[in-house]
Amino acid sequence: MAKPPVDFRSRLSPAQSPSEKTIFADGATTLIVGADLDTSVELSFFQLFSAGSRILPDSDDMVEGYLHQTGLSISLFKDVAKTIFGNIRKCLEEAFNKIDINDWNSIFWVSHPGGLAILDLIEVTLGLKEDKLKASRKVLIEYGNMSSPTVMFIMDEIRNKSMKEGKATTGEGFDWGVLLGFGPGLTVETITFRSITQAC
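Novice: Any chance you could explain the pairing of strand S4 (residues 71–77) here in plain terms?
Specialist: Consecutive side chains of a regular strand alternate in pointing toward one face of the sheet and then the other. A large share of S4 lies buried, amounting to 5 of its 7 residues. Pairing geometry for strand S3 (residues 63–68) and S4, over 6 bridges, is antiparallel. Within S4, the residue paired with Gly65 across the bridge is Ile74. Counting the residues in the hairpin turn of S3 and S4 gives 2 residues.

Novice: Which parts of the structure should I look at to understand the nonpolar core?
Specialist: A general trend in soluble globular proteins is that nonpolar side chains are found buried together. Membership of the largest hydrophobic core comes to 32 residues, with the highest contact counts inside it found for Leu92, Phe96, Trp104 and Trp109. When residues of this core are traced back to their parent elements, those giving at least two are S4, helix H1 (80–96), helix H2 (116–126) and strand S6 (176–183). At 8 residues, H1 tops the list of elements feeding residues into this core. Not counting the four nearest positions on each side in its chain, Leu92 is found in contact with Trp104, Trp109, Leu126, Val178 and Leu180. Core analysis: the second largest hydrophobic core is formed by 12 residues, Val151, Ile154, Ile158 and Phe193 among them.

Novice: Is there a simple way to think about the packing of H1 against H2 in this case?
Specialist: Two measures define how a pair of helices packs: the angle their axes make with one another and the distance between the axes. Between H1 and H2, the shortest axis-to-axis distance is 9 Å and the interhelical angle comes to 40°. Classified by the interaxial angle, the pair formed by H1 and H2 is oblique. For the pair H1 and H2, the crossing hand works out as right-handed. Counting all contacts with H1, which are made through Val80, Ala81, Lys82, Ile84, Phe85, Ile88, Arg89 and Leu92, the residues of H2 involved are Ala117, Ile118, Leu121, Thr125 and Leu126. Looking at side-chain class alone, the contact of H1 with H2 contains 10 nonpolar, 1 polar and 2 charged residues.

Parameters and conventions
Residues numbered from 1 in each chain as written. Predicted model: local features only at pLDDT ≥ 70, side-chain atom pairs only at ≥ 80, totals over all residues. Heavy atoms only, no water. Buried < 20%, exposed > 50% of the residue type's maximum accessible area, 1.4 Å probe, protein only. Helix = DSSP H or I, 4+ residues; strand = E, 2+ residues; numbered from the N terminus. Pairing = 2+ DSSP bridges. Core = buried A, V, L, I, M, F, W, Y, C linked by side-chain atoms within 4.5 Å. Contact = heavy atoms within 4.5 Å. Axes fitted to C-alpha atoms, helices over the stretch in contact; angles between N-to-C directions. Parallel < 35°, antiparallel > 145°, perpendicular 65-115°, else oblique. Left-handed = near helix turned anticlockwise from the far one by under 90°. Nonpolar A, V, L, I, M, F, W, Y, C, P; charged D, E, K, R; others polar.

Structure (structure tokens):
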């Protein structure tokens, strides 16, 4: 019998449904990051502006990941969503203070879904319009939480949708965007980036 590569051990409340305990999945993707783009032979979809990492206070064992010979084992504490909720605004303010953006509906969003509870809390906490986390929700529903590759799937979803709908930029028509990732620690990774103007 083959053992799955991801072993999800949850310390979630017993009241949660089995579907909330089985959101993890496998996925793979690639990304080329470079500088000094040669536009005669290279095409860029997004431009990185800044990156930051923050370990949230009192969260040492909220998300734990262990790599074993049989795969990755992940353990979650039930207060992950609430802890992110209490710190997300500060992470965004630190990331965007250099470019003077504080209207979170004026940017495009690549948020690691973690789970629906995390997306719901981010949306409510920041007063986001319903469509802001649509790509994150779609990827979570269609593919599950694939850990790190999830955000690349979301970026691709945003880029493809922007092209299909004829948006002015690769970021749903917006110039600036944010990528949020959550991981062991509990750590919040925040990347600010710009979209690219699309040829009409």
